[in-house]
Amino acid sequence: MVYQGSCHCGKIALEVEGEITEAMSCNCSICSRKGSLLWFVPRENLRLLTSEEDVGTYTFNKHFIRHHFCGTCGIHPYAEAVHKGKPMAAVNIRCLEGIDLASIPVKNFDGRSI
Ligand SMILES: [Zn+2]
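Everything numeric here is computed off the predicted structure, so don't read it as measured data.

**Student:** Got a minute to help me understand the sheet that holds strand 5 (residues 46-48) in this structure?
**Tutor:** Strands pair in a sheet through their backbones, by hydrogen bonds, and they do so in one of two ways: parallel or antiparallel. Read from one edge of the open sheet, three strands run 1-2-5, paired in antiparallel fashion. Of all strands in the sheet, those with a lone pairing partner are strand 1 (2-6) and strand 5, marking the two edges. Adjacent strand axes in the sheet meet at a mean angle of 20°, parallel and antiparallel pairs treated alike. In the sheet, strand 2 (residues 13-17) pairs with strand 5 via three bridges, with the strands oriented antiparallel. Pairing of L14 across the sheet is with L48, part of strand 5.

Here it is in structure tokens:
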């Protein structure tokens with residue numbers, strides 16, 4: 001399955017391949033403010049359809065997760081990090097089209113401890 005996603009204004013558009021079996025709600029200082037629901041996929045499963053130049057990047061704490069956002073509308077569609085040597089993406093499924101959010105099980109993730 002290939003999902004289409006974007007920020008609000010459309011300057012960031014993406015495609016993600018995979019099956020969404022669950023999403024994570026993280027309680028770290030940034031996720032709790034954004035309210036993102038995260039779906040983790042290998043980075044190669046995510047394809048950016050718009051210019052890399054329109055993707056803002058924010059890091060904090062250990063600076064190993066790159067939180068990406070749109071500089072125009074402020075929405076955060078995804079983040080990137082290397083986990084156990086593997087490039088991964090955390091897609092905010094609230095930014096994907098055509099999914100029934102209520103049907104996706106949400107797990108709580110304790111991001112404060114990492
Ligand atoms: Zn935007």
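Moving on from the model shown.
**Student:** Hey, could you run me through the environment of G74 in this one?
**Tutor:** Here G74 lies in the loop between strand 7 (65-70) and strand 8 (78-83). A relative accessible area of 37% means that G74 is categorised as partly exposed. Spatially, the C-alpha atom of G74 lies 22 Å from that of G111, the residues being 37 residues apart in sequence.

Procedures and definitions
Residues numbered from 1 in each chain as written. Predicted model: local features only at pLDDT ≥ 70, side-chain atom pairs only at ≥ 80, totals over all residues. Heavy atoms only, no water. Pairing = 2+ DSSP bridges. Helix = DSSP H or I, 4+ residues; strand = E, 2+ residues; numbered from the N terminus. Axes fitted to C-alpha atoms, helices over the stretch in contact; angles between N-to-C directions. Buried < 20%, exposed > 50% of the residue type's maximum accessible area, 1.4 Å probe, protein only.

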